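Reading the structure
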Amino acid sequence: MALSREQLAQRVAAELRDGYYVNLGIGIPTLVANYIPKNIEVMLQSENGLLGMGPFPLDEEVDADLINAGKQTVTAVTGAAYFSSAESFAMIRGAHVDLTVLGAFEIDQKGSIASWMIPGKLVKGMGGAMDLVAGTDNIVVTMTHASKTGQSKLLEACTLPLTGVNCIRKVVTDLAYLEIHDGAFHLIERAPGVSIEEIKEKTAGRLVVDGDVPEMKLA
Amino acid sequence: MSGFNKVVGSYEEALAGLEDGMTIMVGGFGLCGIPEGLIEQVKDMGTSGLTCISNNAGIDGFALGKWLEGRQIKTMIGSYVGENALFEKLFISGEMEVILTPQGTLAEKIRAGGAGIPAFYTATGYGTDVAKGKDTREFNGRNYVLEESLTADYALVKAWKADTMGNLVYRMTTQNFNPMMATAGRITVAEVEEIVEPGELDPEHIHTPGIYVQRLIKGTFEKRIEQRTVRSA
């Protein structure tokens, strides 16, 4: 069975470590905040100028002056800090953020990522994604393995305008956890009940499968 | 206006001298921390051919979305189009020139502009469309793109509190692009929620020193929320 959005977030959360400063992108990455292991502490960075993002506010706590990078109303945890966008991206570009989680349209076997526009069709803008992939070594991309029509999103070379080149090392899809190095996707874990054959079939880029591939453990 | 008193009496006075074809920076992230009254005034003035520098362009029918409706912007420099349908339409049709700029690069271009630095190198965007036509250089085995800084004829910013001398304090995440833009405007106009007498703000807590602010006006703010997300108790 392919992972649900919640299960994807749950698997990504296993990459969190005690004391990490973490930036979570819009969409599935945001859900990771719901699965932070109980025995560790992390501080969430939101690139609009908040370190120490808390959960959504109670109805009576809503404050228009306090939002996250997805423009959602949020709260700030004890020990939080507010700052400007220049300060925020100094943290990001200066490699002070320990882990970045973001979505993508396409990833390729060299670790390049496309996530901000589909020419002639859709323009979202890159927002902070180009700075995030340039600034953090530890990046997890989370996405579906293939499009709704079955087209692989794990390619030999990205076809859409790039967000960054040779910068992605870890990918969690609804079918698998893969690492990227030496010009190939390396299959590390399978989603529970998903066969190696199915992953092979839906990976257009070079895929390396080494022996038995264990199933993911979802806590 | 005399001496260090930056307070003006009306929005007309706040934006006096703004002309067609000028470059204008507008602070805010989404609808958070935007100078609402100043944006409305530019809409009413009908100033056109503007180069607008702002992270976003408001939403359909509100904030900078109104400048889009009036076709007042010739060139938009920002990082995110997002869910703004008119912005996307004007961009894809080519009716408005759009220079999409990575958010951190945009923030740093404005910071550098205000600090008198003409350009800087960043790894952001190397190997992507953003780097096309720009100089690149290798430092310590890594490739960087030369990005030129930005300044503006007018910078419109929003702060929480000010004293009459133009010292500014921002609240929560309304800071975003406002402090850098305040430094990068030839004329910086700050619209604030409260104006107090000099001495009432703690000098240790000033975010934007008054030297950057030429005009100051007390506004009223709707503070519309783009995505109201709540949890239940």
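A short tour of the structure in this document, coming up. (Residues numbered from 1 in each chain as written. Chains lettered and ligands numbered in written order. Predicted model: local features only at pLDDT ≥ 70, side-chain atom pairs only at ≥ 80, totals over all residues. Heavy atoms only, no water.)

Section: helix α4 (residues 85-93) of chain B
Taken as a whole, α4 of chain B has its buried residues at Leu-86, Phe-87, Glu-88, Leu-90 and Phe-91 of chain B. Buried residues along α4 of chain B sit against β9 (122-123) of chain A together with α3 (64-69), β3 (73-78) and β4 (97-100) of chain B. (Buried < 20%, exposed > 50% of the residue type's maximum accessible area, 1.4 Å probe, protein only. Helix = DSSP H or I, 4+ residues; strand = E, 2+ residues; numbered from the N terminus. Contact = heavy atoms within 4.5 Å.)

Concerning the sheet that holds strand β6 (residues 136-139) of chain B
Residue and element names in this part refer to chain B. Reading across the sheet, the three strands line up as β5-β7-β6 and stay open at both edges, with antiparallel pairing between neighbours. In this open sheet, the two edge strands, each paired with only one partner strand, are β5 (119-122) and β6. The mean inter-strand angle of the sheet, taken between neighbouring strand axes irrespective of direction, is 35°. As paired strands, β5 and strand β7 (residues 142-148) are joined by four bridges and run antiparallel to one another. Bridged to Tyr-121 within β7 is Leu-146. Docked against the sheet, helix α5 (residues 103-114) engages β5 and β7, running at close to 150° with respect to β5. (Pairing = 2+ DSSP bridges. Axes fitted to C-alpha atoms, helices over the stretch in contact; angles between N-to-C directions.)

Quick word on the nonpolar core
Of all hydrophobic cores here, the largest spans 49 residues; its most connected members are Leu-16, Val-22, Ile-107, Ile-113, Val-141 and Ile-168 of chain A. Within the second largest apolar cluster, 41 residues are counted, among which are Met-130 of chain A together with Leu-38, Val-130 and Tyr-154 of chain B. (Core = buried A, V, L, I, M, F, W, Y, C linked by side-chain atoms within 4.5 Å.)

Some points on the sheet that holds strand β12 (residues 170-173) of chain A
All names here are of chain A. As summarised here, the arrangement of the ten strands in space is β4-β3-β2-β1-β5-β10-β12-β13-β14-β15, forming an open sheet in which the pairing is mixed. The open sheet has two edge strands, β4 (76-82) and β15 (207-208), and neither has a second partner. Two elements, β12 and strand β13 (residues 176-181), share three bridges in a ladder whose sense is antiparallel. Paired with Val-172 across the two strands is Tyr-177, which belongs to β13.

Re the packing of helix α3 (residues 85-93) of chain A against α5 of chain B
Relative to each other, α3 of chain A and α5 of chain B sit at 125°, their axes nearing to 9 Å. What the angle tells us is that α3 of chain A and α5 of chain B run oblique. Between α3 of chain A and α5 of chain B lies a crossing whose hand is left-handed. Here α3 of chain A contributes Ser-85, Ala-86, Phe-89 and Arg-93 of chain A to the contact with α5 of chain B, which in turn contributes Gln-103, Gly-104, Thr-105, Ala-107, Glu-108 and Arg-111 of chain B. Considering only residue class, the contact of α3 of chain A with α5 of chain B consists of three nonpolar, four polar and three charged. (Parallel < 35°, antiparallel > 145°, perpendicular 65-115°, else oblique. Left-handed = near helix turned anticlockwise from the far one by under 90°. Nonpolar A, V, L, I, M, F, W, Y, C, P; charged D, E, K, R; others polar.)

Considering helix α1 (residues 5-13) of chain A
For α1 of chain A, every residue scored as buried is listed here: Leu-8, Ala-9, Arg-11, Val-12 and Ala-13 of chain A. Buried residues belonging to α1 of chain A abut α2 (28-31), β5 (99-102), β10 (139-143), β12, β13 and β14 (184-190) of chain A.

Some words on the pattern of salt bridges
Residues and elements named next belong to chain A. One pass over the structure, following the stated rule, counts 22 salt bridges over all chains. Put simply, Glu-189 and Arg-11 hold a salt bridge, and the shortest N to O gap is 2.8 Å. Here Glu-189, found in strand β14, pairs with Arg-11, found in helix α1; they are 178 residues apart in sequence, far enough to count as distant. For the pair shown, Glu-189 and Arg-11 are each scored as buried. Here Glu-198 and Lys-202 are joined by a salt bridge, their closest N and O atoms 3.1 Å apart. (Salt bridge = Lys/Arg side-chain N within 4 Å of Asp/Glu carboxyl O.)

Remarks on the pairing of strand β1 (residues 23-26) of chain B
Residues and elements named next belong to chain B. Of the two faces of β1, the one carrying Thr-23 and Met-25 and the one carrying Ile-24 and Val-26 are both buried. By the bridge criterion, three bridges tie β1 to strand β2 (residues 50-53) in an arrangement that is parallel. Pairing of Ile-24 across the sheet is with Cys-52, part of β2. In terms of handedness, the path from β1 via helix α2 (residues 36-45) over to β2 forms a crossover that is right-handed. Relative to strand β8 (residues 152-163), β1 is paired through three bridges, and the arrangement is parallel. Bridge assignment links Val-26 to a residue of β8, and that residue is Leu-156. (Right-handed = clockwise from strand over helix to strand, strands pointing away.)

Focus: unusual backbone geometry
Glycine aside, the phi torsion of most residues is negative, and most peptide linkages are trans. Here the phi dihedral of Asn-166 of chain A falls at roughly 45°; this positive angle occurs in a residue that is not glycine. Structurally, Asn-166 of chain A can be placed in the loop between β11 (154-155) and β12. Of note in this structure, Asn-176 of chain B is not a glycine but carries a positive phi near 25°. With respect to the helices, strands and loops of the structure, Asn-176 of chain B is situated in the loop between β9 (168-169) and α6 (178-184).

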